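# Architecture at a glance
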Amino acid sequence: MKTRHFCVVVMTAVLMTASAVAADLPSRKDDPLPAPPPPMWTGFYVGLNAGGTWSNSNSANVASAPFWTLPGLNGDVLGASAISASAYNPANAGGFIGGGQIGYNWRIAGSFVTGIEADIQGIAGNGGAGSSANVAAIAGALVPSHVATVVGTSKSLDYLGTVRSRIGYLATPTLLIYGTGGLAYGGVSSSATISQSASFIDTAVPWGSTGAFSDTRVGWTAGGGIEWMFMSNWSAKVEYLYYDLGSVTYNSSPLVVTSTLFGAETASLPSTRVRFNGNIVRAGLNYHFNWASAPVIAQY
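Residue positions are counted from 1 within each chain, in the order its sequence is given. A pLDDT threshold of at least 70 governs which residues receive local features in this predicted model, and a stricter bar of 80 or more applies before side-chain atom pairs are shown or counted, although totals over entire chains, interfaces and linings include all residues. Note that the side-chain values use all heavy atoms of the structure and ignore hydrogens as well as water.

### Details of the overall build of the chain
A run of H or I in DSSP counts as a helix once it spans at least four residues, and a run of E counts as a strand once it spans at least two, with each numbered from the N terminus. Across its full length, the chain carries two helices and twelve strands. Helices and strands in the chain line up, N terminus first, as α-β-β-α-β-β-β-β-β-β-β-β-β-β. Here the chain holds 300 residues, and the buried ones make up 41% of them. For the chain, the share of sequence-separated contacts (at least 6 apart) that also reach a separation of at least 24 residues comes to 76%. Only protein chains enter the accessibility calculation, which uses a 1.4 Å probe. A residue is then buried if its area is under 20% of the maximum for its type, exposed if over 50%, and partly exposed in between. Contact between two residues is taken to exist if any of their heavy atoms lie within 4.5 Å; hydrogens are not considered.

Here it is, written out as structure tokens:
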């Protein structure tokens, strides 16, 4: 009986000790979940973008210089033709822009991120056209006479691409503020038409001139933006870019006055000057490859 009583006492003590130890241990269900690792921002990404673009230079300058003048019974018709064929027309190239981008980021020392990005966009609703009507008096005419001119111009940016470096600072682990700059290229076009007529009798028909330019231009771009890593592998950005593809001057066909007195006479060779530069504001969405498993380069 004594032995049985001793065993009961020992077992009771063991159970009470185990209960006390268990009570002192934290419950697993109360353990806080481990915080997710901060985004590393290193790796490849691809995405889409959309926004708007508008020109900085919103004109097409048409200038005409006479080859020579031939005053006659009707005065200096050729000089009046050249004067009235000059114009400064509005020509704003802008519209909706949309396309895609691909790039690579490196998380470097501390909170800095650098990288390179290439993109290309098409432009819809684009193309600036303008027209003007001019009149120039014919000097030396026996009776008051003039040359009337209508000048029409157009300018368009058909597509635009860039290849840029980026460098930014992480204001928070998920919010990147960056600047960017590099090469820009785009398909551009412009045209000019000139229609003329005179008020004197011996001119047989109205006359005019046409010219056009179309090419791929290369220039530069610079800007900045913010990018937010809002969930695993996905980020959204808002960005501004200024681009400059330079100026173009192209010639049109000669203005030729046809009269019954002198036959065909070359009046002038018009030229048109346009500049392709402007602004882009756009939003984008990027998918980042291997975002969660990127190697650790720097930590907060």
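### Some points on the side chain of Glu227
Its place among the elements puts Glu227 in strand β9 (residues 207–231). Identification of polar contacts relies on pairs of N or O atoms within 3.5 Å, with a donor-acceptor requirement for protein atoms, meaning one able to donate a hydrogen and the other able to accept it, and with residues adjacent in sequence counted only if both atoms are side-chain atoms. Engagement of the side chain of Glu227 in a polar contact is seen with the side chain of Arg166, the distance being 3.1 Å. Those residues in contact with Glu227 that lie beyond four places of it in its chain are Trp41, Arg166, Thr174, Leu175, Leu176, Tyr178, Ser235, Ala236, Lys237, Asn286 and His288.

### Digging into the packing of aromatic side chains
The description of two aromatic rings rests on the distance between their centres and on the angle between their planes. Pairing of aromatic rings covers Phe, Tyr and Trp, the last through its six-membered ring, and needs centres within 6.5 Å; plane angles under 30 degrees mean stacked, over 60 mean edge-to-face, and all others mean tilted. The final tally for this structure, using the stated rule, is eight aromatic pairs. Both rings, one in Tyr287 and one in Phe289, keep their centres 5.1 Å apart while their planes meet at 85°; by these two values the pair is edge-to-face. Tyr287 sits in the partly exposed class, given a relative accessible area of 30%. Of the residues examined, Phe289 reaches a relative accessible area of 38% and is grouped as partly exposed. Feature note: the residues Phe44, Tyr104 and Trp106 constitute an aromatic cluster, connected by ring pairs. Distance and angle both matter: a charge sits over a ring if NZ of Lys or CZ of Arg is within 6 Å of the ring centre and within 35 degrees of the ring normal. Seen from the ring of Phe276, Lys155 lies directly overhead, with NZ or CZ sitting 5.9 Å from the centre. Here the basic side chain of Arg166 rests over the ring of Tyr178, its NZ or CZ set 4.4 Å away from the ring centre.

### Here we look at a nonpolar patch on the surface
Surface patches are defined over residues having more than 30% relative accessible area and no salt bridge, joining like charges when they lie within 9 Å and nonpolar side chains (Val, Leu, Ile, Met, Phe, Trp, Tyr) when within 5 Å. Throughout, the Shrake-Rupley method with a 1.4 Å probe supplies accessible areas, and for residues the shown protein chains are the sole cover considered. A pairing counts as a salt bridge when a side-chain nitrogen of Lys or Arg comes within 4 Å of a carboxyl oxygen of Asp or Glu. Where nonpolar side chains cluster on the molecular surface, the patch consists of Phe44, Val46, Ile102, Trp228, Phe230, Met231, Trp234, Leu285, Tyr287 and Phe289 and spans about 930 Å² of accessible area. Within the residue set of the nonpolar patch, elements represented by two or more residues are β1 (43–55), β9 and β12 (263–288). Considering each element in turn, the nonpolar patch owes the most residues, three residues, to β9. Relative to the helices and strands, Leu285 resides in strand β12.

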